[in-house]
Amino acid sequence: MAAYSQISTTRPARSLSTIPPSQEETPLTQTTQRILVTGACGQIGSELIPVLRQRYGDTNVVATDIRPPEADCLKDQGPFELLNVCDRARMDDIIARYAIDTVYHMAAILSATGEENPTLAWDVNILGLVNVLEIARQRKLVRVFCPSSIAVFGPDTPHDCAPQTTILTPTTMYGVTKVTGELLGEYYVHRFGLDIRGVRYPGIISSETLPGGGTTDYAVDIFYHALKYKSYSCFVRSDTVLPMMYMPDCVKATMDLMDADFNSLRSHCNFNLAGMSFSVEELANEIQKHIPDFVCDYAPDFRQAIADSWPQTIDDSPARTQWGWRPRHDLKSMTRDMLEKLRPRLT
Ligand code: NAD
């Protein structure tokens, strides 16, 4: 994993004098942070935590989730607390107890699960976010990361090179919550002067934790099935093209945006982020270069309509110009790396 540069101190870290002495397990400097991660057991949180702990120190990164972690490293290498993000009192207690100044708010209900239970998606994604933002306001937290998604887009958005500022008419409850979340984040920036940041992640492909019920999950499932069974039945059509990103780029983008000088950002919570775009057929062909007898067939379900409502490619020029975003992985390098990582565990 690449070494990440130290954080910018455009907004000064909270003064040590505001932290109760009993909480000072680890001495803080201006460039260290006390971080809380919600949804830490998820696909992204579980890979973000080790990078944050390596950089800021194990005890300075508190992992939380509504469920206990499966990976030992999440609880053995640093603090872990059970937290339902809808429970503001408990969130506030944990933030006070650990003298948290920075939150990475990763807890969410994703697109496919959200369509099965839209009110749960609204409650977790909106109530959870409002709780984070209100505690950030009341406790004057230094910085909050609130991810958005390509699910903010809808059928009225240009399908090719979707601009950052464009028509947002999502067809899923997940997308509705992400549009609302972006607006809420910007509101807290402008109304209360908070430092809230977020990107619109594309579909994230990773080898450590299985994805949690999104429409782009097929781009991860296909690797597991290719290695284990040499066949995969995909829930979207072969010609479905969606924006995707490999996890190392996802973690890098998250860290890079959180490092950026706040004054150089012209928007805050809605940065488009592109990595790679490919059809399922192109992905299957790339896997076949490594596993020649792999076969993929197609049985589209309700997720096809969601996929069809999202753009195929994304214009991420604001992220590139305002905070220097550059992806490192393409379809070829991601496929090779995924197979190298998964092969010893699955075959
Ligand atoms: P995930 O589904 O893998 O993980 C979410 C985590 O949140 C899970 O561990 C779950 O247990 C936890 N959670 C659910 N309800 C909770 C609650 N009430 N309180 C506390 N925790 C709760 O999701 P992810 O892929 O890690 O996504 C992280 C963020 O990135 C989310 O905001 C998501 O919308 C966004 N995102 C992800 C992708 C992707 O492809 N993974 C794409 C776009 C945006």
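Since the model is a prediction, treat every value here as computed from it, not as a measurement.

*Asks:* Looking at this model, I keep getting lost on the overall build of the protein. Mind explaining?
*Replies:* Along the backbone of the protein there are 12 helices and 14 strands. Radius of gyration (C-alpha) of the protein: 20 Å, near the 20 Å computed for a compact globule of 347 residues. Judged by the C-alpha coordinates and their principal axes, the protein covers about 60 × 45 × 35 Å. Counting only residues that meet the buried cut, the protein has 58% of its 347 residues in that class. Considering only contacts within the protein whose residues lie at least 6 apart along the sequence, 78% involve residues at least 24 apart. As displayed, the protein has an accessible area near 13,900 Å², and 53% of this comes from carbon and sulfur atoms. With 33 positive and 42 negative side-chain charges, the protein shows a spacing of 5 Å between the two charge centroids.

*Asks:* In this structure, what is going on with the domain arrangement of the protein? I would like to understand it.
*Replies:* Note: interface size is frequently given as the accessible area lost on complex formation between the parts. Domain annotation of the protein identifies domain 1 (21-203 + 246-272) and domain 2 (205-244 + 276-312 + 329-346). If you average the C-alpha positions of domain 1 and of domain 2, the two centres end up 26 Å apart. At the interface, 28 residues of domain 1 touch 29 residues of domain 2. Summed over both sides, the interface between domain 1 and domain 2 buries roughly 2,300 Å², with carbon and sulfur atoms accounting for 58% of that surface. Area buried by domain 1 at its contact with domain 2 is led by Gln43, His159 and Tyr246, which between them contribute 35% of it. The interface formed by domain 1 and domain 2 holds 0 salt bridges in total. At the junction of domain 1 and domain 2, the tally comes to 13 residue pairs in polar contact (both at pLDDT 80 or more).

*Asks:* Any chance you could explain the site of the ligand here in plain terms?
*Replies:* By nearness alone, 27 residues border the ligand, and Gln43, Asp65, Arg67, Tyr174 and Lys178 come closest of all. A distance of 2.9 Å separates an oxygen atom of the ligand from a polar backbone atom of isoleucine 204. Bound to the protein, the ligand loses 93% of the 820 Å² it would expose on its own. Among the secondary structure elements, those contributing two or more residues to the shell around the ligand are strand 6 (148-149), helix 6 (173-192) and strand 9 (203-205). Here the shell around the ligand is built from residues that sort into 15 nonpolar, 9 polar and 3 charged.

*Asks:* When you look at the sheet that holds strand 11 (residues 241-246) in this model, what are you seeing that I'm missing?
*Replies:* By way of backbone hydrogen bonds, the strands of a sheet pair with one another, either parallel or antiparallel. Sheet architecture is open: 3 strands sit in the order 9-11-13, paired in mixed fashion. Looking at the sheet topology across the chains shown, the edges are occupied by strand 9 and strand 13 (276-279). Taken over all neighbouring pairs, the strand axes of this sheet differ in orientation by 45 degrees on average, direction set aside. For strand 9 and strand 11, the ladder comprises 3 bridges, and the chain directions are parallel. Residue pairing in the sheet places isoleucine 205 in a bridge with tyrosine 246 of strand 11.

*Asks:* Honestly, helix 6 in this entry has me stumped. Any pointers?
*Replies:* Since the α-helix turns once every 3.6 residues, residues separated by three or four places project in the same direction. Taking 1.5 Å per residue as the helical rise, helix 6 with its 20 residues ought to reach 28 Å, and the 27 Å between its terminal C-alpha atoms agrees with that figure. Every buried residue belonging to helix 6 is among Tyr174, Gly175, Thr177, Lys178, Val179, Gly181, Glu182, Leu184, Gly185, Glu186, Tyr188 and Val189, and all of these are buried. Where helix 6 is buried, its residues contact helix 4 (111-116), helix 5 (118-139), strand 6, strand 7 (196-197) and strand 8 (199-201). Count one or two residues on from helix 6 and you reach glycine 193, which has phi positive near 70 degrees.

*Asks:* Hey, could you run me through the pattern of salt bridges in this one?
*Replies:* Side chains that carry opposite charge are capable of pairing whenever their charged atoms lie near each other. Summed over the entire model, instances satisfying the criterion amount to 18 salt bridges. Note that arginine 139 and aspartate 92 form a salt bridge whose closest N and O atoms lie 2.7 Å from each other. Linking arginine 139 in helix 5 with aspartate 92 in helix 3 (residues 88-97), this pair joins segments that are 47 residues apart in sequence. Aspartate 308 is the salt-bridge partner of arginine 237, the closest N and O atoms lying 3.6 Å from each other. Here aspartate 308 lies in helix 10 (residues 303-309) and arginine 237 lies in the loop between strand 10 (231-234) and strand 11, a separation of 71 residues in the sequence. Residue class for arginine 237 comes out partly exposed when judged on its relative accessible area of 34%. Under the relative-accessibility criterion, aspartate 308 is labelled partly exposed at 36%.

Calculation notes
Residues numbered from 1 in each chain as written. Predicted model: local features only at pLDDT ≥ 70, side-chain atom pairs only at ≥ 80, totals over all residues. Heavy atoms only, no water. Helix = DSSP H or I, 4+ residues; strand = E, 2+ residues; numbered from the N terminus. Rg over C-alpha atoms; globule rule 2.2 N^0.38 Å. Buried < 20%, exposed > 50% of the residue type's maximum accessible area, 1.4 Å probe, protein only. Contact = heavy atoms within 4.5 Å. Areas by Shrake-Rupley, 256 points an atom, 1.4 Å probe, with all protein chains shown as cover. Lys, Arg positive; Asp, Glu negative; His and termini not counted. Charge placed at Lys NZ, Arg CZ, Asp CG, Glu CD. Domains from an automatic or database assignment. Buried area = accessible area lost by both parts, 1.4 Å probe. Salt bridge = Lys/Arg side-chain N within 4 Å of Asp/Glu carboxyl O. Polar contact = N/O pair within 3.5 Å; in protein donor to acceptor, adjacent residues only side chain to side chain. Near = heavy atom within 4 Å. Nonpolar A, V, L, I, M, F, W, Y, C, P; charged D, E, K, R; others polar. Pairing = 2+ DSSP bridges. Axes fitted to C-alpha atoms, helices over the stretch in contact; angles between N-to-C directions. Expected span 1.5 Å × (residues − 1).

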